[in-house]
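Results of the structural survey
What follows is the residue order along each chain.
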Amino acid sequence: MDGKKKKPVDDFAWQEYDKEEFERKFPALAKELEGGGVPIEAFRADEEEGEREAEPRSFAGYEPTVIDFLRRCETDEEALEIINWMESRGEITPEIAKELRITLAKKGVRAFGPKKEWGWYERHGRG
């Protein structure tokens, strides 16, 4: 080896598509992208402000998302393990997994939000 530490991003399977191939393989996504994508109704410029402003809600019946799991991780390696596991189980698509890996490699696990500690749902939910 040349003395450089291997990063999780080194194992990514990068792939590029031409427009016609992308439209054939992912028609719904291509249509969504052509139509301007999914509207963003809100964003947070500061993660602490975002947490304060988030409306408390009931989590009864709530199914955690991949982001919820990633916010439980301590390290980038743990986050990569979660992404790979959810992709292997078909809970996220390979395309979403790729985007998550890119974000993880470029910005680290905290790019997905502050760490969710034990009891987070109890503190942020309605009784």
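This text goes with the structure placed above it.
This report concerns the structure included in the present document. It should be emphasised that the depicted structure is a prediction, and the values quoted were computed from it without experimental measurement. (Residues numbered from 1 in each chain as written. Predicted model: local features only at pLDDT ≥ 70, side-chain atom pairs only at ≥ 80, totals over all residues. Heavy atoms only, no water.)

**Considerations on the nonpolar core**
- In terms of nonpolar packing, the biggest core is built from 13 residues, with Val-66, Leu-70, Ala-79, Ile-83, Ile-92, Leu-100 and Leu-104 touching the most fellow members.
- It is helix 5 (residues 76–88) that provides the largest number of residues to this core, a total of 4 residues.
- Setting aside anything within four residues of it in sequence, one finds Leu-100 in contact with Val-66, Ile-67, Leu-70, Ile-83, Ile-92 and Phe-112. (Core = buried A, V, L, I, M, F, W, Y, C linked by side-chain atoms within 4.5 Å. Buried < 20%, exposed > 50% of the residue type's maximum accessible area, 1.4 Å probe, protein only. Helix = DSSP H or I, 4+ residues; strand = E, 2+ residues; numbered from the N terminus. Contact = heavy atoms within 4.5 Å.)

**A look at the environment of Thr-65**
- Among the secondary structure elements, Thr-65 is positioned in the loop between helix 3 (47–53) and helix 4 (66–70).
- Assessed through its relative accessible area of 37%, Thr-65 is described here as partly exposed.
- It is 9.4 Å that separates the C-alpha atoms of Thr-65 and Ile-92, two residues lying 27 residues apart in sequence.

**Side note on the side chain of Asp-68**
- Residue placement: Asp-68 occurs in helix 4.
- A polar contact is formed between the side chain of Asp-68 and the backbone nitrogen of Thr-65, at a distance of 2.7 Å. (Polar contact = N/O pair within 3.5 Å; in protein donor to acceptor, adjacent residues only side chain to side chain.)

**Focus: the pattern of salt bridges**
- Inspection of the entire model under this criterion finds 4 salt bridges.
- A salt bridge links Glu-74 to Lys-115, with the nearest nitrogen and oxygen atoms 3.5 Å apart. One end of the pair, Glu-74, is in the loop between helix 4 and helix 5; the other, Lys-115, is in the loop between helix 6 (94–107) and helix 7 (120–124), with 41 residues separating them in the sequence. (Salt bridge = Lys/Arg side-chain N within 4 Å of Asp/Glu carboxyl O.)

Everything listed here is a matter of coordinates, which is why it stays silent on function.
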